[in-house]
Amino acid sequence: MMGLARPALARLEGIGFWKLCGSGTGEGFTPLPNTAVYAILATWPDLATAQRQTNRAAIFQRYRSRAQESWTVFLDPISARGAWSGTAPFTPQPTSCNGPVAALTRATIRPRAALRFWGHEPDVSRAIGADPNVVFKIGIGELPLFHQITFSIWPDAASMAHFARADGPHARAIRAVREGDWFREELYARFHVAACTGTWNGKRPLDELDTAA
């Protein structure tokens, strides 16, 4: 369905920018593909349209019918900079919202830098995995090795910012990227988590926040 679903998605009423992505093994932060986990990213004009179409549209029903499990997260963009396939896909609405936030980074890696980039990934993956604040994390991508996306959810903006700015594997990787000009294209976006439905590994990841509160 990574290939066969494309015409149906392109015709779907209300859909804007969309991408079909695979994932890496483990939590996705590896170049080895995981053939069991896939992601669909799509933009919509509003939350009501997104919820209605992802629930009722035949293509999304077909995905769910063939899946053991599915989880959908609805996001409102707070900030975004950069481009994805030459496009700025998100229209941020800056707000001082409280509650969980999501971070998405996407990059097209220059072929000459691929080995050095992936050399940093194990350390970054361990760092984010050890952070007690991260609620959810996964690495996905459009093309193994060269088109990489990281997605994570945090209880609030402060905990997300602390991880991003703290000195460690993540900060060192960012410095290496800048100094080596590893990316041909990059996008950084932050979102307010508006709603979610379904489960991941039999759980609802955001329920942990309610329990902690």
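### Section: helix α3 (residues 58-65)
At step 1: Every buried residue of α3 is listed here: I59, F60 and Y63. Taken down its axis, α3 places every buried residue within 100° of arc, on the same side. Exposed and oriented more than 90 degrees from the buried face of α3 are A58 and S65.
At step 2: Where α3 is buried, its residues touch α1 (6-10), β1 (18-24), β2 (33-42) and α2 (47-56).

### Quick notes on the nonpolar core
At step 1: Formed by 20 residues in total, the largest nonpolar core has its most connected members in W84, L104, F151 and I153.
At step 2: Those elements that provide at least two residues to this core are β4 (101-109), β5 (136-143), β6 (147-154) and β7 (183-198).
At step 3: The element that contributes the greatest number of residues to this core is β7, accounting for four residues.
At step 4: In contact with W84, not counting residues within four places along its chain, are F17, K19, L41, P89, L104, R106, E142, I149, E185 and L187.
At step 5: Residues A5, L12, I15 and F74 belong to the second largest nonpolar core, which totals 14 residues.

### Here's the deal with the packing of aromatic side chains
At step 1: Using the criterion set out here, one finds seven aromatic pairs in the structure.
At step 2: Taking 5.1 Å as the distance between ring centres and 90° as the angle between the ring planes, the aromatic pair formed by F90 and F191 counts as edge-to-face. One end of the pair, F90, is in the loop between β3 (71-82) and β4; the other, F191, is in strand β7, with 101 residues separating them in the sequence.
At step 3: Taking the relative accessible area as the measure of exposure, F90 reaches 12% and is therefore buried.
At step 4: Aromatic rings pair up to connect W71, F136, F151 and W200 into one cluster.

### Thoughts on unusual backbone geometry
At step 1: A positive phi angle is found at S85, which is not glycine, with a value near 55°.
At step 2: Judged by its relative accessible area of 42%, S85 falls in the partly exposed class.

About the thresholds
Residues numbered from 1 in each chain as written. Predicted model: local features only at pLDDT ≥ 70, side-chain atom pairs only at ≥ 80, totals over all residues. Heavy atoms only, no water. Buried < 20%, exposed > 50% of the residue type's maximum accessible area, 1.4 Å probe, protein only. Helix = DSSP H or I, 4+ residues; strand = E, 2+ residues; numbered from the N terminus. Arc of directions from axis to C-beta. Contact = heavy atoms within 4.5 Å. Core = buried A, V, L, I, M, F, W, Y, C linked by side-chain atoms within 4.5 Å. Phe/Tyr/Trp six-rings, centres within 6.5 Å; stacked < 30°, edge-to-face > 60°.

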